[in-house]
Amino acid sequence: MSTFPHKILVFSTEKISDPAIDLAGLMKLHYPAAAHVIVLPCSSAVRPEWIMLAFETGYAGVFIAADGSDCPYGESCITKTAKIVERTHLLMKAKGITTNRLQMAAVCSVCAELFVRQMTLFSEELSLATTNAD
Amino acid sequence: MSKEPESKEKRIGVYICRCGSNIADYVDVEKVCTEIKNEKNVRLSRVMMFACADSSQKDIIADIRNEPLDAIVVASCSPKLHLHTFRAVAERGGLNPFNYVQVNIREQSSWAHSDHPDQATEKALDLIKAGIARVSLSEPLNPITIPAENSVLILGAGVAGMRSAIELADLGSQVYLVDREFFVGGRVAQWGKMATTDQTGEELVKSLYQQIRNRRNIKVYTGAHVISSKGSIGNFDVQIKVIPRYVEPPCDPEGFSKAMEACPVTVDDEFNFGLTKRKAIFHNFRSEFPAFPVIDMAVCTRCGICARYCQGINLDQKEEIVQIHAGTIFLATGFNPYEPRKGEFGYGQLPNVISLQQLKRLLELTTGEFRFRDKKIGSVAFIYCVGSRQMDGDNKYCSRYCCTSAIHAALQLRQEFHVSNIYHLNKGIRTYGKQEILYEQSSRAGDIYLQFIEDEPPVVEANGEKARLTINDILSDKHEISLLADLVVLVTGMVPRENNDLNRILKVPIGKDKFYNEIHPKLRPVETVIDGLVISGCCQGPRNIHESVGSALAEVAKVYNVINKGEIQLEPTLAVVDPAVCEWCGKCAEACPFDAIEKVQAEKGWVAQVIEGNCKGCGMCTPVCPTNAIDIKGYSNREIRSMIVAMSA
């Protein structure tokens, strides 16, 4: 049984958001340890099936730390990542999963504080949702 | 729950780094080590004081050989620091370097969760399990080795481009220096005296051009632009179109002068920002390079009058297509000055409102008394940050050079032309570094500095032959101050050059500020995601000459190290298509921003195929595939799924 009751799967990106997450650690900024990161080249490479697999296997939430307009592969990343979220929301609805368990925000390469705030708020939301459900 | 693929049986070694006390103070590394030993496929698990230390590297190599191991996981710091260190360790031990996974338990566990050491330990365990799952499925990959041409195509013969060309030529590279303008020097050629040395742009350009002429391995093309590009790092095949000058030697300078004088066509001179006129046959200043004029065929009537004075006129010259084979492409295409909107602070409506760039040309063209539109100028008001630092609109950035340039021009007005009433209406002066001395000089000389805020910009109105400026000065508690000036100078910053065709042909990544985008502003500041395409100078963002040359030389160092060996190794994290599963629908090709997917005929029908030279491994093609036929090596569907499951427990 996991120590973390509300585990969050974070998809970060190698060149943009993962450096920010590293920076948060370097600055000793604390965020919930329930946030577990998988690094990809670009946020528009996240497959909806991976997000659904995360919910199936017990993660409380999924967060896409997106490249946003800083994406080194071009600005089309923004719309492509948004479409991935849109497609996943449909899959989640079909399975009866509330869509606010999937969140996304653009996290620039130095946005350490933003990442910490996002994780803290998301964790609180997930915790509250569980309490209300109980 | 989904059924996940079984991992192949591998013999995996896991190394947990204490990083002195950086990790071990918060993560119970001994507990992690003990628990990890029980994971499937793990043959050994060790704690190390510093995994990156030479002695530790030797221990890992010995384990790989003696156990033997098929794969290793090092749980330590961020891969951004030591990925290549441990890949090399794996390789020295006889493993494929891609059968190694680095897990970040320092930045993303011990440091981030030092407030909860128990949770930091549990998270470290989860992350290492994910690393083991990933390496269990990792395929050996080989870096792609391709031949590389030791030649460089530099687009833009401004200061950054010329400086790069000289340096690369001295290192032994063949350099092709291309500019779409007919004269080299870029924007700097238009500047008169420059901060902080008082050297003129003309002098600087002349000095660089002489150095270029002395180097046989630099070929200069002016009036030329890129029309196509194929290939990738090491081997770009670029076509450029060279527009004729319609003027060629022999012709003496006197003949040129007479031809220009006789030309009946007169148009606004863009070199002087419309302050003066030029002829259809023109050059911008006497010593400009290349040192003979050009005929602007867009306005020339082919009357032939110029040919009476100069035998070098040849109106039958044809466009030329030149093929260039280059290992890398430097973009140093520079910037455009911001052109104020009609009516913006009276620009284009009041006759005595000009831009900073126009003032710089006016100073260069003026001898004796300082006059504008035949009127002696006794008072000048500068309005700062016009087209920069806009809260609304595209140009949110500071253009960096303009505060210094404006104050330098104000000092020149005062010292050389005895203009004594100078006002600076600003949003906060940014003469950073050594340039601050100019600000102090200007203040001491009696220039008046008034400050406004974004929401309350100064108002400029006509007042007879003068302009009346009204400002709520925040330095005097927002007192409304009104002043009269003979000349208003809008301190206009930089905007990106319009290079739409070039950007489309080279697929240059553009940032949100519309300048070219580097991979990372601090860690990889001159590289783009297009391997072999590097950027420097003001095409990347506003900067002064000192900063532009610095970035140009960084670019030289970065690129030369890659192309001088004759071959290049590329990361093998590329897209790969399983033709047995692909049922060509075209969605992957549509999603790819780099034209890296083509449609090819297979036995079963049409399928997608990856053009490896174009693929950047971004993965945008993967989520759109309806049959999961396309994958990214090193980030495969199976690997990521296994990580998700491993961390979920």
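Scoring rules and cut-offs
Residues numbered from 1 in each chain as written. Chains lettered and ligands numbered in written order. Predicted model: local features only at pLDDT ≥ 70, side-chain atom pairs only at ≥ 80, totals over all residues. Helix = DSSP H or I, 4+ residues; strand = E, 2+ residues; numbered from the N terminus. Buried ≥ 20, exposed ≤ 12 C-beta atoms within 10 Å, placed from the backbone. Rg over C-alpha atoms; globule rule 2.2 N^0.38 Å. Pairing = 2+ DSSP bridges. Axes fitted to C-alpha atoms, helices over the stretch in contact; angles between N-to-C directions. Core = buried A, V, L, I, M, F, W, Y, C linked by C-beta atoms within 7 Å. Contact = placed C-beta atoms within 7 Å. Nonpolar A, V, L, I, M, F, W, Y, C, P; charged D, E, K, R; others polar. Domains from an automatic or database assignment. Expected span 1.5 Å × (residues − 1). Arc of directions from axis to C-beta. Parallel < 35°, antiparallel > 145°, perpendicular 65-115°, else oblique. Left-handed = near helix turned anticlockwise from the far one by under 90°.

### Details of the overall build of chain B
Piece 1. Secondary structure summary: chain B contains 15 helices and 34 strands in total.
Piece 2. Its C-alpha atoms give chain B principal-axis dimensions of roughly 90 × 65 × 45 Å.
Piece 3. Taken over 649 residues, chain B has a buried fraction of 48%.

### Notes on the overall build of chain A
Piece 1. A tally of helices and strands in chain A yields 4 helices and 4 strands.
Piece 2. Along chain A, helices and strands appear, N-terminal first, in the series β-α-β-α-β-α-β-α.
Piece 3. Over its C-alpha trace chain A gives a radius of gyration of 14 Å, about what one expects of a compact globule, namely 14 Å for 134 residues.
Piece 4. Considered along the principal axes of its C-alpha atoms, chain A spans approximately 40 × 35 × 20 Å.

### What to know about the sheet that holds strand E9 (residues 224–232) of chain B
All names here are of chain B.
Piece 1. Ordered by their spatial adjacency, 3 strands build an open sheet running E9-E10-E15, and the pairing between neighbours is antiparallel. On the outer flanks of this sheet lie E9 and strand E15 (320–326), each paired with one strand and no other. Put simply, the sheet's adjacent strands are angled 20 degrees from each other on average, direction ignored.
Piece 2. The sheet contact formed by E9 and strand E10 (residues 235–242) spans 8 bridges and is antiparallel.

### Examining the nonpolar core
The tendency in soluble globular proteins is for nonpolar side chains to be buried side by side.
Residue and element names in this part refer to chain B.
Piece 1. Counting residues in hydrophobic clusters, the biggest one holds 246 residues, and the most contacted among them are Ile72 and Val488.
Piece 2. Per-element tally for this core: the top contributor is helix H5 (residues 117–137), with 9 residues.
Piece 3. In this structure Val488 touches Phe345, Gly346, Asn352, Val353, Ala381, Ile383, Val460, Ala467 and Leu469, once residues within four positions along its chain are discounted.

### With respect to unusual backbone geometry
Residue and element names in this part refer to chain B.
Piece 1. Here the bond from Glu67 into Pro68 is cis, since omega is -15 degrees, no more than 30 degrees from zero.
Piece 2. Cis geometry marks the peptide bond from Ala195 to Thr196, where omega comes out at 0 degrees.
Piece 3. Mapping Thr196 onto the fold places it in the loop between strand E7 (174–179) and helix H7 (201–213).
Piece 4. A positive phi angle, close to 65 degrees, is found at Asp374, a residue other than glycine.
Piece 5. Residue class for Asp374 comes out exposed when judged on the 5 C-beta atoms lying within 10 Å of it.

### Notes on the interface of chain A and chain B
Piece 1. Opposite the 41 residues of chain A that make contact, chain B presents 47 residues.
Piece 2. Where the side of chain A that touches chain B is concerned, the elements lending two or more residues are helix H1 (17–26), strand E2 (35–40), helix H2 (48–56) and helix H3 (76–94) of chain A.
Piece 3. The greatest single-element share of the side of chain A that touches chain B, amounting to 6 residues, is contributed by H1(A).
Piece 4. Split by residue class, the side of chain A that touches chain B holds 22 nonpolar, 12 polar and 7 charged.

### Side note on the domain arrangement of chain B
Residues and elements named next belong to chain B.
Piece 1. Looking at chain B, the domain boundaries give domain 1 (12–141), domain 2 (151–243 + 319–334 + 497–563), domain 3 (253–308), domain 4 (337–495) and domain 5 (574–632).
Piece 2. Placing the centre of domain 2 and that of domain 5 at their C-alpha centroids yields a distance of 33 Å.
Piece 3. Taken together, the contact pairs 4 residues of domain 2 with 5 residues of domain 5.
Piece 4. Here the side of domain 2 that touches domain 5 is composed, by residue class, of 1 nonpolar, 2 polar and 1 charged.

### Thoughts on helix H3 (residues 79–93) of chain B
All names here are of chain B.
Piece 1. Compared with the 21 Å implied by 1.5 Å per residue over 15 residues, the 19 Å span of H3 between its first and last C-alpha is a close match.
Piece 2. Taken together, the buried positions of H3 are occupied by Pro79, Phe86, Val89, Ala90 and Gly93. What you see down the axis of H3 is that its buried residues fit within an arc of 105 degrees, all on one side.
Piece 3. Residues of H3 that are buried sit in contact with helix H2 (54–66), strand E3 (71–76) and strand E4 (100–104).
Piece 4. A positive backbone phi angle near 105 degrees is found at Gly94, which sits one or two residues after H3.

### A closer look at the packing of H2(B) against H3(B)
All names here are of chain B.
Piece 1. Remark: H2 packs on H3, axes separated minimally by 8 Å, with the N-to-C direction vectors making an angle of 40 degrees. One finds that H2 runs oblique with respect to H3. Here H2 and H3 pass one another in a crossing that is right-handed. Residues Gln57, Ile60, Ile61, Ile64 and Arg65 of H2 form the contact with H3, whose own contacting residues are Val89, Arg92 and Gly93.
Piece 2. The residue inventory of the contact of H2 with H3, partitioned by class, reads 4 nonpolar, 2 polar and 2 charged.

### Notes on the environment of B:Gly348
All names here are of chain B.
Piece 1. On the secondary structure map, Gly348 appears in the loop between strand E17 (335–337) and strand E18 (353–355).
Piece 2. Since 13 C-beta atoms lie within 10 Å of it, Gly348 is described here as partly exposed.
Piece 3. Apart from the residues within four sequence positions on either side, Gly348 is in contact with Lys342 and Gly343.

### Observations concerning the environment of B:Cys402
All names here are of chain B.
Piece 1. Turning to its location among the elements, Cys402 is positioned in helix H10 (residues 402–417).
Piece 2. Between the C-alpha atom of Cys402 and that of Thr431, which follows or precedes it by 29 residues, the distance is 8.7 Å.
Piece 3. Setting aside residues no more than four positions away along its own chain, Cys402 makes contact with Leu356, Ser388, Val491 and Gly493.

### Concerning the environment of B:Asn22
All names here are of chain B.
Piece 1. Inspection of the secondary structure puts Asn22 in the loop between strand E1 (12–17) and helix H1 (29–36).
Piece 2. The class for Asn22 is partly exposed, based on 18 C-beta atoms found within 10 Å.
Piece 3. With 96 residues separating them along the chain, Asn22 and Asp118 place their C-alpha atoms 15 Å apart.

### A few points about the sheet that holds strand E24 (residues 459–463) of chain B
Residues and elements named next belong to chain B.
Piece 1. Reading across the sheet, the 3 strands line up as E24-E25-E26 and stay open at both edges, with antiparallel pairing between neighbours. At either end of the open sheet lies a strand with only one pairing partner, and these are E24 and strand E26 (479–485). When strand polarity is set aside, the average angle formed by the axes of neighbouring strands in this sheet is 25 degrees.

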